[in-house]
Amino acid sequence: MDGTTEKKARLDNGSSVRPPNPYLEKQDVDVLFHIGLATDKDQLPARFGDVKFVCMGGSTTRMKRFAEFISERLGFGTQNGTVLTDLCSTDRYCMYKVGCVLSVSHGMGMPSISILLHELIKLVHYAGCKDVVFIRMGTCGGLGLKPGTVVVTDTAVNEMFEPAYKVPILGKIVSRPTQLSKEVATELLAAHDSNADYDVTTGNTMSTSDFYEGQARIDGAICEHTLEDKIAYLQAAYEAGVRNIEMEGTCLAAMCGAAKIKGAVVCVTLLDRLLGDQVTMTPEQHQEWEHRPQELLARFFINQLRKE
Ligand code: R2B
Ligand code: URA
């Protein structure tokens, strides 16, 4: 398809995802630079049009393992027999497709997930995906929770406990509301296996721009606050309903909200931040705990696909 035909097709396709950017319609070809796909070369509707669930997580190896797990667990098969192909032609992110599930790595922090979300939102638009859900599946520090607990985010809040994602644009701070899907969160909570030996709970998730000072830690290379300041801040966060702390949730919640995509965040706690800063679980615990959000998502997908 040449650029003009492709553009016409994507404007006519009735896609339920409409990125809120009027300039996109004026552009014949769109190069999704960081994921290495383009509207004129990559047959996006044919390759990605059936995507329903876009799952993102920080690490490339975890997202590859997630794709393998989902492929096995849901019996979706893969694009090339049993070998999964990384569909990202750059090494910035990785992306695997198994049936209607896309498993994509987002790196660490909001600048990284923001670039990816711009390109994934455009990808699902150009591909004509319908009723798509974006889910971040990750790790976090908990507040007052047993390590290994899974938290489904109710409201994503920033470091001031506001439900907002603030980003500098044209030299001004633009504040966008965080909007996650209550419906998806409820269905994720309902997908928990009641026989499992760990809890899945809900609460507010605080997203920060740093792992150390930004999360009130006192074990970074630089620290100008006291242990007492840290405890008072984390206690205030707890009182504001925060149950876990990570680094991407508000960005995803605001960008999905702006694009009217249902978004959700599911994270496993690696430690209780009310008790300390260092992450000291064993490699075996790490592996087992990281798998918990994956199992929850698999059960959620099965429930959703049964409804179709
Ligand atoms: C959770 O873990 C990472 C930091 O260790 C970060 O990406 C996050 O949100
Ligand atoms: N990821 C975070 O962002 N914070 C933690 O404490 C643990 C994982």
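Position numbers for residues count from 1 along each chain, tracking the sequence in the order it is written. Each chain takes a letter, starting from A, and each ligand takes a number, starting from 1, following the order in which they are written. Local features are withheld for residues below a pLDDT of 70 in this predicted model, meaning they are given only at 70 or higher, and side-chain atom pairs are given and counted only at 80 or more; totals for whole chains, interfaces and linings count all residues. Where side-chain values are given, they derive from all heavy atoms of the structure, hydrogens and water being excluded.

### Details of the environment of Asp42
Mapped onto the elements of the fold, Asp42 is located in the loop between strand E2 (37-38) and helix H2 (44-48). Relative accessible area serves as the criterion here: at 16%, Asp42 is assigned to the buried category. Among residues more than four places away in sequence, those in contact with Asp42 are Gly36, Leu37 and Arg47. Each helix is a run of H or I in the DSSP string that is no shorter than four residues. Each strand is a run of E no shorter than two, and both are numbered from the N terminus. Whether a residue is buried, partly exposed or exposed follows from its accessible area with a 1.4 Å probe, protein chains only, as a fraction of its type maximum: under 20%, in between, or over 50%, in that order. The contact criterion used is simple: two residues touch if any of their non-hydrogen atoms lie within 4.5 Å.

### A word on the site of ligand 2
Residues are counted as near a molecule or strand when any one of their heavy atoms sits within 4 Å of it. Surrounding ligand 2, one finds Thr139, Cys140, Gly141, Phe211, Gln215, Arg217, Ile245, Glu246, Met247, Leu271 and Arg273. N or O atoms closer than or at 3.5 Å make up a polar contact, with two conditions inside protein: a donor-capable atom paired with an acceptor-capable one, and, for residues adjacent in sequence, both atoms drawn from side chains. Gln215 has a polar side-chain atom sitting 2.8 Å from a nitrogen atom of ligand 2. Between ligand 2 and Arg217 there is a distance of 2.7 Å, counted from an oxygen atom to a side-chain nitrogen or oxygen. Note on areas: Shrake-Rupley, 1.4 Å probe, and residue coverage restricted to the protein chains presented here. Notes on ligand 2: free accessible area 240 Å², of which the protein chains cover 92%. Looking at the shell around ligand 2, the elements with two or more residues in it are strand E6 (133-142) and strand E11 (242-246). With three residues, the single largest contributor to the shell around ligand 2 is E6. Throughout this entry, Asp, Glu, Lys and Arg are counted as charged residues, while Ala, Val, Leu, Ile, Met, Phe, Trp, Tyr, Cys and Pro are counted as nonpolar. The remaining residues, Gly among them, count as polar. Per-class residue counts for the shell around ligand 2 are five nonpolar, three polar and three charged.

### Describing the pairing of strand E7 (residues 150-157)
Of all eight residues in E7, six are buried, a share of seventy percent or more. Two strands qualify as a pair provided that DSSP identifies no fewer than 2 bridges between them. The pairing of E7 with strand E10 (residues 200-207) spans six bridges and is parallel. Following the sheet pairing, Thr153 is matched in E10 by Gly203. Pairing between E7 and strand E12 (residues 262-272): three bridges, direction antiparallel. Across the sheet, Val150 pairs through a bridge with Val268, a residue of E12.

### Some points on the environment of Leu252
With respect to the helices, strands and loops of the structure, Leu252 is situated in helix H7 (residues 249-258). Using a relative accessible area of 0% as the deciding quantity, one classes Leu252 as buried. Setting aside residues no more than four positions away along its own chain, Leu252 makes contact with Met56, Ile113, Leu117, Arg136, Leu180, Gly263, Ala264 and Val265.

### Here we look at the nonpolar core
If you look at the biggest cluster of nonpolar residues, it comprises 44 residues, and the most contacted ones within it are Ile35, Phe48, Val54, Met95, Leu120, Leu123 and Phe134. For this core, the secondary structure elements donating two or more residues are H2, strand E3 (53-57), strand E5 (101-105), helix H4 (110-127), E6, strand E8 (164-169), H7 and E12. The dominant element in this core, judged by the number of residues it contributes, is H4, at 10 residues. Contact partners of Leu120, with chain neighbours within four places excluded, come to Ile35, Val54, Met56, Met95, Val104 and Phe134. Think of a nonpolar core as a cluster: buried Ala, Val, Leu, Ile, Met, Phe, Trp, Tyr and Cys residues, connected wherever their side-chain atoms sit within 4.5 Å.

### Thoughts on unusual backbone geometry
One can expect most non-glycine residues to show negative phi and most peptide bonds to be in trans. For Phe161, which is not glycine, the phi dihedral falls at a positive 65 degrees. Looking at the secondary structure, you find Phe161 in the loop between E7 and E8. Look at Phe161 and you get partly exposed, because its relative accessible area is 24%. Not every positive phi belongs to a glycine, and Leu170 is a case in point at roughly 50 degrees. On the secondary structure map, Leu170 appears in the loop between E8 and strand E9 (172-177).

Geometry only, nothing functional implied.
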